[in-house]
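Summary of structural features
Here's the letter readout for the chains.
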Amino acid sequence: DCNAPSIVDSAHLTCTGCVPGEQPNSSRTACVACEGANYSAFGFECSECASPNVVNQERTSCTACSPGSGPNIDRTGCEPCTGTTYSMTGQCQDCNAPSIVDSDHVTCSSCAPGEQPNDDRTACVACEGTSYSGFGADCVPCDAPNVVNSDRTSCSACSAGSGPNADRTSCEVCVGSCFFLFCECKECYSRSIVDSDHLTC
């Protein structure tokens, strides 16, 4: 007897094993190559390479793709993740908005408050002017007369007796003949006077 999984040749002179990447045919008279996403590490039996792993060209191994890449369509090789997909464990998956992917397509992370994703969601950019972002999603306008803080993370009204500076990035105390009205410092005209706290005219 030629014991399984070895095969006998057509002349029944030899009993040999199949090489890795092959398996015996049903009658154990020849070796046949593994196909598709099947592999044989020892020449015994072609087994399925479980997704998302890939088989090598020789069908001798089944391995995971490296981070930043994933299986091609027939799972015979790895290809880089593209667009807003990323892979930490060898399978490309979508990075949901408003998160961003890094340049290596390995991580999917949120922007910090005061920032927003750029157009292709590959980096975070700081809010500018009088726009702000409380949660790292979109930079939205801070409506007048409110002011933004220096980190562009909040939009708030000035306290009584003060009003926005010229670029609405901080509050300044009402001075001179100015008084506080609707969150802004207004000029108190004519013969009227302002109180010491600059709250009334």
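For the structure itself, consult the block above.
The model shown is predicted, which means the values in this text are computed figures rather than measured ones. (Residues numbered from 1 in each chain as written. Predicted model: local features only at pLDDT ≥ 70, side-chain atom pairs only at ≥ 80, totals over all residues. Heavy atoms only, no water.)

This next bit is on the overall build of the protein. On a plain count of helices and strands, the protein comes out with zero helices and 24 strands. Taken over the C-alpha trace, the protein has a radius of gyration of 35 Å; the compact-globule value for 201 residues is 17 Å, which it surpasses by more than 25%. Its C-alpha atoms put the protein at 125 × 20 × 15 Å along the principal axes. Looking at the protein alone, contacts between residues at least 24 apart form 17% of all its contacts between residues at least 6 apart. For the protein, the accessible area works out to roughly 12000 Å², and carbon and sulfur atoms hold 50% of it. Looking at charge distribution, the protein has the averaged site of its 8 positive side-chain charges lying 7 Å from that of its 25 negative ones. (Helix = DSSP H or I, 4+ residues; strand = E, 2+ residues; numbered from the N terminus. Rg over C-alpha atoms; globule rule 2.2 N^0.38 Å. Contact = heavy atoms within 4.5 Å. Areas by Shrake-Rupley, 256 points an atom, 1.4 Å probe, with all protein chains shown as cover. Lys, Arg positive; Asp, Glu negative; His and termini not counted. Charge placed at Lys NZ, Arg CZ, Asp CG, Glu CD.)

Moving on: the state of the cysteines. Counted according to the given criterion, the structure contains 11 disulfides. Each disulfide pairs two cysteine sulfurs, and for C65 the partner residue is C78, the sulfurs being separated by 2.1 Å. The sign of the S-S torsion, about -95°, decides the handedness of the disulfide formed by C65 and C78: left-handed. Separated by 13 residues along the polypeptide, C65 in the loop between strand 8 (62-63) and strand 9 (69-71) and C78 in strand 10 (residues 78-80) bring together distant segments of the chain. (Disulfide = S-S within 2.5 Å.)

Counted under the stated rule, the structure contains one aromatic pair. Their ring planes at 35° and their centres at 6.1 Å tell us that F42 and F44 sit as a pair that is tilted. (Phe/Tyr/Trp six-rings, centres within 6.5 Å; stacked < 30°, edge-to-face > 60°.)

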